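Understanding the architecture of this molecule
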Amino acid sequence: NHVSSICSTWGREHFKTFDGDMYHFPGMCEYNLVSDCHESYQEFSVHMKRKENDGNSAVSYIVVTINDLLFNLTENLVTVNDLPVKMPYYNAGVQVEKNAAYIKLHSKVGITVMWTGDDAVMVELDRDYANRTCGLCGDFNGVPVYNEFIDEGRKISPIEFGNKQKVHHPNVVCEDPYEEEESLEVGNVLESCKEFQTTCEQMLHSESWSSCTRLIDPEPYIQACVQDMCGCVNRVNDFCVCSTLSEFSRQCSHAGGQPPKWRTPEFCAKKCPFNMVYEESGSPCMDTCTHLDTSSMCEDHKMDGCFCPPGTVFDDISMRGCISQSECQCKHDKIYNSSEVYRQDPVECVCMEGRWTCKNLQTPAVCAIEEGSHVTTFDGKTFTFHGDCFYTLAKVGSKDDASPMFTILVQLVPCGNQELDTCLKTLKIQLNNDRNNVSSSLLVTAAVTD
């Protein structure tokens, strides 16, 4: 359960702080979502701005500063220090990538920012930043309503708290929301909105959500659902209820629960590319043809998104979508289908389910003495030799090299009943021709029975 390390915002105006406070702030200016505020040198900051989108609210852009890098994230473009970059982007310990569900920025300083490209943003921090943050996400001290909504001993409203986080830019005029808009505060359901109470309760208190409601109090999300539906401009558009249900599902997954498959083609449907399927909780580390073991080594927590069906992997070579591993291709100088062969002497490789299986075509050369007198050379020639002395069987190095890499000596002696019977008595290996170094020589005495 890492809910306490996550701050999120979704829908028209909903926020959840690191410490678990849920409030509503309808501001449409640029605001400090979260920053490292308790050090002289600020390691990071995350700003965001909302916009109206067909009567609903969506995030217009996110600005992330990490040390000397300035990332500007929009739905269709990512810039770094005002220069456009291609996805995925890797530099200075920062990774930015875009998949079917999220634009994700992860930095080794201990921050992850995820944006749906629409209304929802999530920020996850390492515990090292506890009690060091400020912004709409709160102070991350583990205590609800501690400093966030208290100012000099006076309780302040979410509107006043939110307005304090406004980012001021020269020549940019943006009006603050007024206090009277706070009629949508959590727990204050307007009389005109109570007709939606039953609908939202039925959805989030159903048995299918039991894995989630055991871990997360659904009441704040029910109130958010009521306010979404009450303030919805276009009642035909299911955005008004989907955004909060989606957030509750995400929080359930963060808490270690298993959200149900609550979406249908007619209700809050999500489209995925290729033949991928949308899951409420799955491993973000997807197995691909070039990285078949990604999921088994994954340390990231589960989340919602588009995934390959069980038993398939994503084809990141020919981009054919989700396929069985047996269909995976291999890539070298070109793309090879499974079972196709690549040869470059002395190696032969076969593509097998996305992986190369290679062998050396050259068989090792063998030199041998058998029965004490029958010799086979490295080149396969055979001859018979009878001796009574030490002989050089093999030496690695030039003919005149005074210090070869190694020398193999054999001692042949007469034996047996026949006049020309010869036996191998001793095998001696000298490394670097060091005759005086006992440790570099191997002396083998053979029984004189060969």
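Residue positions are given per chain, counting from 1 as you read along its sequence in written order. Per-residue local features are limited, in this predicted model, to residues with pLDDT of at least 70; the limit for side-chain atom pairs, both in listing and counting, is 80 or more; totals at the level of whole chains, interfaces and linings are taken over all residues. Heavy atoms throughout the structure, all of them, feed into the side-chain values; hydrogens and water do not.

Looking at an unreviewed UniProt entry, the protein carries the name VWFD domain-containing protein, with the source organism given as Mastacembelus armatus. The UniProt entry for the protein carries the following text under Subcellular location (unreviewed entry): "Secreted". UniProt positions are given in the numbering used here, feature names are shortened, and annotations may be inferred rather than shown by experiment.

Structural notes on the sheet that holds strand β8 (residues 78–80)
Two strands qualify as a pair provided that DSSP identifies no fewer than 2 bridges between them. Labels follow the DSSP assignment, with helices taken as runs of H or I lasting at least four residues and strands as runs of E lasting at least two, numbered in each case from the N terminus. Strand order in the open sheet made by the 7 strands is β9-β8-β7-β6-β5-β4-β15, with antiparallel pairing throughout. Unpaired on one side and paired on the other, β9 (83–84) and β15 (133–134) mark the two borders of the sheet. With 2 bridges joining them, strand β4 (residues 30–36) and β15 adopt antiparallel strand pairing. What sits directly across from S35, in β15, is C134.

Here's the deal with the state of the cysteines
Think of a disulfide as a covalent bridge from one cysteine sulfur atom to another cysteine sulfur atom. The criterion for a disulfide is a pair of cysteine sulfur atoms lying within 2.5 Å. On inspection of all chains with the given rule, the structure shows 12 disulfides. The disulfide partner of C212 is C252, and the S-S distance across this bridge is 2.1 Å. Torsion about the S-S bond of the C212 and C252 cystine: about -75 degrees, corresponding to left-handed handedness. Residue C212 is located in helix α3 (residues 210–213), and its partner C252 is located in helix α5 (residues 239–254); the two are separated by 40 residues in the primary sequence. Exposure is judged per residue with a 1.4 Å probe applied to protein chains only, and the accessible area is read against the type maximum: over 50% gives exposed, under 20% gives buried, and values in between give partly exposed. When its relative accessible area of 1% is taken as the criterion, C252 is described as buried. Note on cysteine connectivity: C289 is disulfide-linked to C328, with sulfurs 2.1 Å apart. Between C289 and C328, the S-S torsion sits near -75 degrees, and that sign places the bridge as left-handed. One end of the pair, C289, is in the loop between β18 (277–282) and β19 (303–307); the other, C328, is in the loop between β21 (321–323) and β22 (330–331), and 39 residues separate them in sequence. Like C328, C289 is buried.

Digging into the pairing of strand β31 (residues 406–414)
With 7 of its 9 residues buried, β31 lies for the most part within the structure. Pairing analysis gives 7 bridges linking strand β30 (residues 389–396) to β31, with the strands arranged antiparallel. If you follow F390 over to β31, its bridge partner there is Q411. Relative to strand β32 (residues 422–431), β31 is paired through 9 bridges, and the arrangement is antiparallel.

Considering the packing of aromatic side chains
Think of it this way: a Phe, Tyr or Trp ring, Trp meaning its six-membered ring, pairs with another when their centres are within 6.5 Å, and the plane angle makes it stacked under 30 degrees, edge-to-face over 60, tilted otherwise. Enumeration according to the criterion identifies 18 aromatic pairs in this entry. Centroid distance F71 to Y89: 5.9 Å. Interplanar angle 75 degrees. Geometry classified as edge-to-face. Here Y89 lies in strand β10 (residues 89–91) and F71 lies in strand β7 (residues 69–73), a separation of 18 residues in the sequence. Look at Y342 and W356: their rings are 6.1 Å apart centre to centre, the planes differ by 55 degrees, and that puts the pair in the tilted class. Taken together, the residues Y342 in strand β24 (residues 341–344) and W356 in strand β26 (residues 355–360) connect sequence positions 14 residues apart. A relative accessible area of 14% means that Y342 is categorised as buried. Exposure remark for W356: the relative accessible area of 29% places this residue in the partly exposed category. Counting every residue linked through ring pairs, the aromatic cluster contains W10, W209, Y221, F248, W262 and F267. By definition, being over a ring means that NZ of Lys or CZ of Arg is both within 6 Å of the ring centre and within 35 degrees of the ring normal. In this arrangement the basic side chain of K334 is found over the ring face of Y336, its NZ or CZ atom lying 5.3 Å from the centre.

Some details on the sheet that holds β24
The strand order across the open sheet built from 3 strands is β24-β25-β26, with neighbouring strands paired in antiparallel fashion. The open sheet terminates on both sides in strands that have one partner only, identified here as β24 and β26. Recorded for the sheet is a direction-independent mean angle of 20 degrees between the axes of neighbouring strands. Judged from the 4 bridges that link them, β24 and strand β25 (residues 347–352) form a sheet pairing that is antiparallel. The residue of β25 that forms the bridge with V341 is V350. Angles shown run from 0 to 180 degrees and are taken between the N-to-C directions of axes, each axis being a line fitted to C-alpha atoms and, for helices, limited to the stretch in contact.

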